[in-house]
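# Observations on the three-dimensional arrangement
Residues per chain are reported as follows:
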Amino acid sequence: MFEPRIVCFFCKWCTYAGADLAGTSRKQYPPNGVVLRVNCSGRVDPQHILWAFREGADGVLIGGCHPGDCHYQDGNYNTMRRVALLKPVLESLGIESDRLRLDWISAAEGDKVVNVMSEFVETVRDLGPMELDLTDRLSGAEAPDEAKGVKVSTAKKKAKAKR
Amino acid sequence: MKIPYYPGCTLHERALDFDMASRECANALGVELEELPVWTCCGAVFPLTTDSVMDILAGVRNLAYASRMGDKVVTLCSFCYNVLKRSNKVIREDEEKREKANLFLKADTDERAEMESYLEQDYVGQVEVLHYIEMLRDVVGFDKVAKSLKTSLKGLRVAPYYGCMLLRPKKEMEFDDPERPTIFEDFLETLGCDVVDFPMKAECCGGFQIVRDEETAIACSQTVLSSAIKRDADLIITTCPLCLYNLDRKQKEMAKRVKGFTKIPVIYFTQLLGIALGIDEEHLDFSDNYVDPRPVLAGKKLV
Amino acid sequence: MEHRIGVFVCHCGTNIAGVVDVKRVAEELAKYPGVAYSTDYLYMCSDPGQNLVKDAIKEHGLTGVVVSACSPTLHEATFRRAGAAADLNQYRVEMANIREHCSWVHRGDKEMATEKAIKIIKTMIEKVKQNEALEPISVPMTHRAMVVGAGIAGIQAALDIANAGHDVVLVEKEPSVGGHMAQLSETFPTLDCSQCILTPKMVEVSQHPRIKLLTYCEIDDVSGYVGNFKVRIKKKAAYVNRDVCNGCGLCIEKCPAKTASEFDEGLSERKAIYTPFAQAVPNQPVLDRDHCIYFESGKCGVCQKVCPVDAIDYEQKDEFLDEEVGAIIVATGFDLYPIVNIGEYGGGDIKDVVTSLQFERLLSASGPTGGVVRRPSDGEIPKEVVFLTCVGSRDPEGHMPYCSKVCCMYLTKHAMLYKHNEHDGQAYVFYMDVRTPGKDYEEFYQRAAEEDDVLYIRGKVSKLFEEDGKVMVWGVDTLTGQKVEIAADMVVLGLAMVPSATATELAKMLKIQMNQWGFYSEAHPKLRPVESLAPGFYLAGAAQGPKDIPEVVAQASAAASKVCALFAEKEYHREPIVAWIDEDECAGCRICISVCPYDAIEFDDEKEVARVQEAICEGCGARIAACPSATAQQRNLTDDQLYMMVSAALED
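Residues numbered from 1 in each chain as written. Chains lettered and ligands numbered in written order. Predicted model: local features only at pLDDT ≥ 70, side-chain atom pairs only at ≥ 80, totals over all residues. Heavy atoms only, no water.

## Concerning the overall build of chain C
- Along its length, chain C carries 18 helices and 34 strands.
- If you line up chain C on its principal axes, its C-alpha atoms span 85 × 70 × 40 Å.
- Taken over 652 residues, chain C has a buried fraction of 59%.
- Taking as baseline every contact in chain C between residues at least 6 positions apart, the subset at least 24 positions apart corresponds to 70%. (Helix = DSSP H or I, 4+ residues; strand = E, 2+ residues; numbered from the N terminus. Buried < 20%, exposed > 50% of the residue type's maximum accessible area, 1.4 Å probe, protein only. Contact = heavy atoms within 4.5 Å.)

Structure, rendered in structure tokens:
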């Protein structure tokens, strides 16, 4: 069976803590997603998402606080707008926009972490593996060169200079 | 206005009076109950096994019939309402059962089904199952009912009896608070009656136990009746043919067993609505009642 | 710089090792670029575990450490301290969460869980490789606390902090301090009178030189961060000039308008101008305009006429006060689960079915019946009283699923006090389980059952209804399997505790977490029970979960001690995970300024670049993502780091 590779950006105030709660409650969900802890879902730059797809992610999941509950007042609204704008961009690149999901999950919603994670893994599994080679297409998308350790921002600056 | 109508077996056999009165009332309120051209028994009891699709097929098939006529279906019998509503919820919420049920329906070789070719599209729970009282409240509107009244029922003390099937289980029926329902009280207030709130209004009448264990069922029914009688009700209304059977017919047995037992008429709520709407008594048909409601109604100059 | 990262994989007993192949994880990671040392150990958080980290740092010259164990909320601080003790900058120590996010949630697939653990650890290795050595940012701190809610929890917390030498602002939305405890009659298990032990404390908070008491006030807005909160308080119009009023009570005496008393739970009436109860603190009345004849019709004005000091001011408006504090304790208490939701027990329509707080008032010597239990319907003394536990609680189907914790005990107390009043009366308690986990609690229950002949029946009551002036109780005794029917004179409902009605709104304003029932969430269920996850907010009392008075007082004192510990430092040390802007690269577009919710970015007009004020920046990262040239970065969570982490998460 195809096991999708999923990158999750979880806000440390809510969804990350919700995933902790799912753990302390010993709830079970599929192990396809690796969670990166960010201070706020608003920290997630569309370029991080594009980078994930470029690096072979089959899906990207972002978890933030419910609207109105953001620890930083309105960070999650930024995320909401960015995700909404990024989805058509993904489609235009040939990436199904369902491969990107944003959900509001509070620290109390361990069950929701389980449901969203399970659902998303299924969605991505149904979509199948990402077969696009985005390396070329995204080369202008401010991604670093192949070699690890090349400073991304340097690459960005190069791109900027080119423009 | 036409609304698809599922009468169910009992309203075509024992409870013809209920069917007739309800159609007459609807007509008087500008609604035509359009009986499904093809329908079968709903199954009568919602299955408690959770792993079987077969047991809900009867209900689903009727809903699929209804889906060809409109987005709603109205029913009157509490059992039919219970089975249809719960089957519908299963179809709406359980993807696996939805698929299986549709496969069964497609394989259905029933010739009526073929005749109706009702299976051009999958049934996915698109029909809303309405009880007649919900239709009065939400489609017609109690305010319109109030405006259409011809006869005042003021001074008539009526106790609304809900029974079980209309209300429970709460989360599946989503009809009213099963512990303290009020929809029939609101309806009776619309009619101008004096509403008699009695604590046994949502207790069981004995139901099917009347076949297996008559003693228990009669005891249940008697508890319900005495509670209403004690609060000086003139009559009781209900919407369930089985409740009516237990509460009305079995008063004969109760009178034998209990000294000084006072009888009380039990009628369908649409029969009472018919009186208020000024519908001719013969279209309401009280001839089938064991305890004749006419003396009580005559006492209030209503018949 | 050459990376020399140390990886430490914790077994956590079998919590991790039972699912994740820790040996394999440690071996695989030893091969990962930049890893100089990799090992596994039974309990990393133990002393030997921490020493393992310290020794390895020295022995292998580690430049960074990844402890792969539980959630960072648990032990990040522990291992940062361990790192610092071995002269490794604390911000070069990170945790990889392979317990909550891996072993506990993927028990079914050990192979995949092991693979995932490796990936998680790799992401953190990549992060730590680029972590800068940072120092906490010191910011000035206001050594003054605010306590929201002046029930017993708020009172205790305020007194403890004030007695430790810090100023406290105590805010209460009601006209008097005291909360629900002031309503109670006697308290279990000692049966000392609630008011007798509470009122001295009420007086103390009102007279303490370090406590600023603000009653009839609500929190309107909170801004700032730990150490430096700015709180806007709404002082509700009381139509009484509180600077002038001497509390003579003449206005109350003469007021002709009456309404149901909240303090007596509707069992008696109060005037439109009122103090909630006789011992109210402060003893100044407030005017309830919703029930005032003057506000309704423009006539009356009696209170104004009789006031000897001209304190009545019908023109008074809500006022707003601004207070600066360094820490906030939230102690907003509880309400009872609404009786109207309990249809099977009459939903509040049966007069002689009362709530537990109403029964407290009936038992109280200062209550509407002078301490003699009388039925609300006819004032008769009831001879058969039925007490129901778990009303609205432990009922996941219909109501609240949690145990309300105190009902078994207070209903036992109710039954006992009733029996002390009415020796020939009969008290029944229907119960699911009698829960008495507290000092002297079980003995108290035994006493009620054995000495006071309270009859305990194990079973639920399905229905209450009125019949012939009695309350009919239909229940079941599950020990004998018998149906139980009681014609009671009175029934008392042990309703569940729920968070007070204003708790949710306040939580949203303070940005503190709640659980799904609206109780405030503590930072850790065991180890940080009185702190909120949001820094600077502390929790006390039933607002955090149902609890009894001793527990509330203990929690309030604990919260106060946490505040005092915070105040022990002159300055507050904040996490340096803030934003920074490379001035050479900044194009001066000002987009970041428009995104920042804290106004933490100033613009240097001369150089035409944006600059972060580190003392204000909260480190959300929202505007870093907004920066079009990627010159704005977050310390130790830069774009570069995130890219590398993403890549590591996806590596096979």
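On we go from here.
## Some remarks on the overall build of chain B
- If you tally the helices and strands in chain B, you get 16 helices and eight strands.
- Relative to the 2.2 N^0.38 estimate, which gives 19 Å for 303 residues, the radius of gyration of chain B is 19 Å and therefore close to what a compact globule would have.
- With respect to the principal axes defined by its C-alpha atoms, chain B has extents near 60 × 45 × 30 Å.
- With 303 residues in all, chain B has 54% of them scored as buried.
- Of all intrachain contacts in chain B linking residues separated by at least 6 positions in sequence, the fraction that spans at least 24 positions is 78%.
- Surface accessibility of chain B: about 13100 Å² in total, with carbon and sulfur atoms responsible for 49%.
- The distance from the centre of the 39 positive side-chain charges to the centre of the 50 negative ones in chain B is 6 Å. (Rg over C-alpha atoms; globule rule 2.2 N^0.38 Å. Areas by Shrake-Rupley, 256 points an atom, 1.4 Å probe, with all protein chains shown as cover. Lys, Arg positive; Asp, Glu negative; His and termini not counted. Charge placed at Lys NZ, Arg CZ, Asp CG, Glu CD.)

## So, the interface of chain A and chain C
- Contacts between chain A and chain C engage 61 residues on the former and 59 residues on the latter.
- Of the roughly 5300 Å² buried where chain A meets chain C, counting both sides, 56% is carbon and sulfur surface.
- Between Arg37(A) and Glu76(C) there is a salt bridge, with its nearest N and O atoms 3.7 Å apart.
- Where chain A meets chain C, there are 24 residue pairs in polar contact (both at pLDDT 80 or more).
- Counting residues per element, the ones that place at least two in the side of chain A that touches chain C are β1 (6-11), α1 (15-24), β2 (33-38), α2 (46-54), α3 (75-93) and α6 (152-162) of chain A.
- Here the residues of the side of chain A that touches chain C sort into 26 nonpolar, 17 polar and 18 charged. (Buried area = accessible area lost by both parts, 1.4 Å probe. Salt bridge = Lys/Arg side-chain N within 4 Å of Asp/Glu carboxyl O. Polar contact = N/O pair within 3.5 Å; in protein donor to acceptor, adjacent residues only side chain to side chain. Nonpolar A, V, L, I, M, F, W, Y, C, P; charged D, E, K, R; others polar.)

## Description of unusual backbone geometry
- Cis rather than trans, the peptide bond between Arg168(B) and Pro169(B) has omega equal to -5°.
- Within the element layout of this structure, Pro169(B) appears in the loop between β5 (157-160) and α8 (170-173).
- The peptide bond linking Val281(C) to Pro282(C) adopts the cis configuration, its omega dihedral lying at -5°.
- One non-glycine residue, Asp285(B), lies in positive phi territory at about 55°.
- Of note, Asp285(B) is situated in the loop between α15 (281-284) and α16 (294-299).
- A positive phi angle, close to 50°, is found at Arg394(C), a residue other than glycine.
- In this structure, Arg394(C) sits in the loop between β21 (384-391) and α12 (407-421).

## Examining the domain arrangement of chain B
Residues and elements named next belong to chain B.
- Split by domain assignment, chain B resolves into domain 1 (2-130) and domain 2 (149-299).
- Centre-to-centre, using C-alpha coordinates, domain 1 lies 26 Å away from domain 2.
- Taken residue by residue, the interface counts 24 residues in domain 1 and 30 residues in domain 2.
- Between domain 1 and domain 2 the total buried area reaches about 2300 Å² when both faces are included, carbon and sulfur atoms providing 68% of it.
- Put simply, Arg86 and Glu172 hold a salt bridge, and the shortest N to O gap is 2.9 Å. (Domains from an automatic or database assignment.)

## Section: helix α1 (residues 22-30) of chain C
All names here are of chain C.
- Listed as buried for α1 are Val22, Val25, Ala26 and Leu29. Viewed along the axis of α1, the buried residues span an arc of 95°, placing them on a single side of the element.
- Next to the buried residues of α1 lie β1 (5-10), β2 (35-41) and α5 (110-129). (Arc of directions from axis to C-beta.)

## Topic: the domain arrangement of chain C
- By the assigned domains, chain C splits into domain 1 (5-136), domain 2 (144-179 + 196-236 + 320-332 + 502-567), domain 3 (250-306), domain 4 (335-498) and domain 5 (578-634).
- Once you take the C-alpha centre of each, domain 2 of chain C and domain 5 of chain C turn out to be 35 Å apart.

## Details of the state of the cysteines
All names here are of chain C.
- Counted by the stated rule, this structure contains one disulfide over all chains.
- Unpaired in terms of disulfides, Cys12 finds its nearest cysteine sulfur in Cys10, a separation of 5.1 Å.
- Not part of a disulfide, Cys251 finds its nearest cysteine sulfur in Cys248, a span of 6.1 Å. (Disulfide = S-S within 2.5 Å.)

## Some details on the environment of Asp167(C)
Residues and elements named next belong to chain C.
- As for its position among the elements, Asp167 is in strand β7 (residues 167-171).
- Along the backbone, Asp167 and Arg210 are 43 residues apart, and their C-alpha atoms lie at a distance of 4.8 Å.
- Not counting residues within four places of it along the chain, the set of residues in contact with Asp167 comprises His143, Arg144, Ala145 and Arg210.
- For Asp167, the side chain forms a polar contact with the side chain of Arg210, separated by 3.0 Å.

## A few points about the packing of α1(C) against α5(C)
Residues and elements named next belong to chain C.
- Interaxial distance between α1 and α5 falls to 10 Å at its minimum, and their mutual angle equals 40°. If you check the angle between α1 and α5, you find them oblique. When you trace α1 past α5, the crossing you get is right-handed. Contacts from Arg24, Val25, Glu28 and Leu29 in α1 reach Glu111, Thr114, Glu115, Ala117, Ile118, Ile121, Lys122 and Ile125 in α5.
- In terms of residue class, the contact of α1 with α5 is built from six nonpolar, one polar and five charged. (Axes fitted to C-alpha atoms, helices over the stretch in contact; angles between N-to-C directions. Parallel < 35°, antiparallel > 145°, perpendicular 65-115°, else oblique. Left-handed = near helix turned anticlockwise from the far one by under 90°.)

## Notes on the pattern of salt bridges
- As enumerated under the stated definition, the model contains 72 salt bridges over all chains in all.
- For Glu253(B), the salt bridge identified is with Arg257(B), shortest N-O distance 3.4 Å. In this pair, Glu253(B) and Arg257(B) are both assigned in helix α13 (residues 251-257), four residues apart and thus about one turn of the helix distant.
- Two residues, Asp318(C) and Lys234(C), come together in a salt bridge whose shortest N-O distance is 4.0 Å. With Asp318(C) in the loop between α10 (302-306) and β17 (319-325) and Lys234(C) in strand β12 (residues 228-235), this residue pair connects regions lying 84 residues apart in the sequence.
- Salt bridges sharing common partners tie together Asp352(C), Arg375(C), Asp378(C), Lys470(C) and Asp489(C).

## Some details on the side chain of Asp452(C)
Residue and element names in this part refer to chain C.
- With respect to the helices and strands, Asp452 occurs in the loop between α13 (441-450) and β23 (455-458).
- Nearest to the buried, unbridged Asp452 among oppositely charged side chains is Arg447, at 5.1 Å.
- Those residues within four positions of Asp452 in sequence are excluded, and the remaining contacts are Met416, Lys419, His420 and Arg447.

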